[in-house]
Amino acid sequence: MTARQPLALGNWKMNGDMVANEQLMSGLLESSAGLLSAGGLQAGFAVPAPYLFQAAVRLKGTGFLWGAQDCSDQPKGAFTGEVSTAMLQDFEVNFCLVGHSERRARHQETDAQIAAKLQALLSANILPVLCVGESLAQREAGQAAEVVCGQVKAALKGLSADQLTRLAVAYEPIWAIGTGKTASADDAQAMHAQIRGALAGLHPQVANQVRILYGGSVKASNSQELFAQPDIDGGLVGGASLDMADMSGILQAAHQRAGRLGLL
Ligand code: 13P
């Protein structure tokens, strides 16, 4: 296995409040900061924009990363409701999700917009986490790999090899998000290998360095098996990231993967 540093990210989506966030972050710091201080893995949370300041203050210097769930592709101006990458920089965010299926579906985000957001993040030195995934209908029609690899290529074509090493991809099958249904470890691994193939089609020399996370009903109970796969470099966790014990277990599984890779 190539030694890519495991990455476990929580996506809080539109959940939380000042009090609950503090409880969750302090609980996880207590249970899991030791795992991070050993190095070898990275972990963090994508928080709603109003709580970026709270996350920055609470997590700075702890080893945990904090990130945003979306950004604008525009630098500034008359874009009501949008948040620029420069604003994210003000809160020292480490990463930002791009093209989450909930935004593709609810806000009709296009591949072109997603590619532009990704460029804006790279220019701001913020790690983009590109989310891709197929619907149940597409999977049942045998189009899953074509759809997912198409999303990858549409977002990443035109990037340099160096830029490709400064992002992560998250494979999140839409039918597995929030449903309790997880892709089997074998099916997820097969898709991750296809995604890595698509990355190799862009820049073969660096495809092995790009982290590909799995998302879709990841829990402590299935994270071990998922993170044992050669191309599953960690997780993007929704519901379970709001539960202290569940998220701690997922971080443990990522830590074990780091150990197996000889990173500790
Ligand atoms: P769940 O873990 O709740 O299925 O959500 C996955 C997800 O969408 C993370 O971005």
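Preceding this paragraph is the structure being described.
These numbers come from a predicted model, not from an experiment.

> I would appreciate a short explanation of the pairing of strand E6 (residues 168-171) in the present structure.
Both faces of the sheet carry side chains from a regular strand, because those side chains alternate between them. Every second residue of E6 is oriented toward a common face, with Ala168 and Ala170 on one face and Val169 and Tyr171 on the other, all of them buried. With helix H9 (residues 185-202) bridging E6 and its parallel neighbour strand E7 (residues 211-215), the resulting β-α-β unit is right-handed.

> Whenever I open this one, helix H11 (residues 244-260) confuses me. Can you help?
Owing to its 3.6 residues per turn, the α-helix aligns residues three or four sequence positions apart on the same side. Its 17 residues give H11 an end-to-end C-alpha distance of 25 Å, which sits within 8% of 24 Å, the value for a rise of 1.5 Å per residue. At its buried positions, H11 is contacted by strand E1 (7-11), helix H1 (18-37), strand E2 (42-46), helix H10 (220-226) and strand E8 (234-237). Sitting at the head of H11, Asp243 places a side-chain oxygen 3.1 Å from the backbone nitrogen of Ala245. Gly262 sits one or two positions beyond H11 and adopts a positive phi of about 75°.

> Which parts of the structure should I look at to understand the packing of helix H5 (residues 111-123) against helix H7 (residues 144-156)?
When two helices pack together, their arrangement is given by the angle between the helix axes and by the axis-to-axis distance. It is the contact of H5 with H7, at a shortest axis distance of 8 Å, that shows an interaxial angle of 50°. Between H5 and H7, the interaxial angle falls into the category oblique. By crossing handedness, the relation of H5 to H7 is classed as right-handed. On H7, the residues touching Asp111, Ile114, Ala115 and Leu118 of H5 are Gln151, Ala154, Ala155 and Leu156. Here the residues of the contact of H5 with H7 are counted per class, giving 6 nonpolar, 1 polar and 1 charged.

> Can you walk me through the nonpolar core in this structure?
One recurring pattern in soluble globular proteins is that nonpolar side chains are buried together. Judged by nonpolar contacts, the single largest core of 72 residues is most densely connected at Phe64, Leu88, Leu156, Ile195, Leu199 and Tyr214. The element that contributes the greatest number of residues to this core is H1, accounting for 7 residues. Counting residues in hydrophobic clusters, the runner-up holds 12 residues, among them Leu7, Ala46, Leu65 and Ala170.

> Hey, could you run me through the site of the ligand in this one?
Within the structure, the ligand sits among Asn11, Lys13, His100, Glu172, Ala176, Ile177, Gly178, Gly216, Ser217, Leu236, Gly238 and Gly239. In the environment of the ligand, an oxygen atom lies 2.8 Å from a nitrogen or oxygen atom belonging to the backbone of Ser217. At 2.9 Å, a backbone N or O of Gly238 approaches an oxygen atom of the ligand. Alone, the ligand offers 310 Å² of accessible surface; in the complex the protein occludes 94% of this. Here the residues of the shell around the ligand are counted per class, giving 3 nonpolar, 7 polar and 2 charged.

> When you look at the packing of aromatic side chains in this model, what are you seeing that I'm missing?
In this description, an aromatic ring pair is defined by two values, namely the gap between the centres and the angle between the planes. Evaluation of the coordinates by the stated rule reveals 4 aromatic pairs. Here the aromatic rings of Phe45 and Phe64 are separated by 5.4 Å at their centres, their planes lie at 15°, and the arrangement is stacked. Note that Phe45 is positioned in strand E2 and Phe64 in the loop between helix H2 (52-59) and strand E3 (65-68), a separation of 19 residues in sequence. Comparing Phe45 with Phe64, the two get one shared label, buried. One aromatic cluster is present, formed by Trp12, Phe45 and Phe64 through successive ring pairs.

> Would you explain the sheet that holds strand E4 (residues 95-98) in this entry?
In any sheet, the strands associate via hydrogen bonds between backbone groups, in a parallel or an antiparallel arrangement. Pairing is parallel around the closed barrel formed by 8 strands, whose spatial order is E1-E2-E3-E4-E5-E6-E7-E8. When strand polarity is set aside, the average angle formed by the axes of neighbouring strands in this sheet is 25°. Relative to E4, E3 runs parallel, the two sharing 2 bridges. Looking at E4, one finds that Gly67 is bridged to Phe95. Each of E1, E2 and E8 is contacted by H11, which is oriented at about 160° to E1, the strand it contacts most.

Cut-offs and rules
- Residues numbered from 1 in each chain as written.
- Predicted model: local features only at pLDDT ≥ 70, side-chain atom pairs only at ≥ 80, totals over all residues.
- Heavy atoms only, no water.
- Buried < 20%, exposed > 50% of the residue type's maximum accessible area, 1.4 Å probe, protein only.
- Helix = DSSP H or I, 4+ residues; strand = E, 2+ residues; numbered from the N terminus.
- Right-handed = clockwise from strand over helix to strand, strands pointing away.
- Expected span 1.5 Å × (residues − 1).
- Contact = heavy atoms within 4.5 Å.
- Polar contact = N/O pair within 3.5 Å; in protein donor to acceptor, adjacent residues only side chain to side chain.
- Axes fitted to C-alpha atoms, helices over the stretch in contact; angles between N-to-C directions.
- Parallel < 35°, antiparallel > 145°, perpendicular 65-115°, else oblique.
- Left-handed = near helix turned anticlockwise from the far one by under 90°.
- Nonpolar A, V, L, I, M, F, W, Y, C, P; charged D, E, K, R; others polar.
- Core = buried A, V, L, I, M, F, W, Y, C linked by side-chain atoms within 4.5 Å.
- Near = heavy atom within 4 Å.
- Areas by Shrake-Rupley, 256 points an atom, 1.4 Å probe, with all protein chains shown as cover.
- Phe/Tyr/Trp six-rings, centres within 6.5 Å; stacked < 30°, edge-to-face > 60°.
- Pairing = 2+ DSSP bridges.

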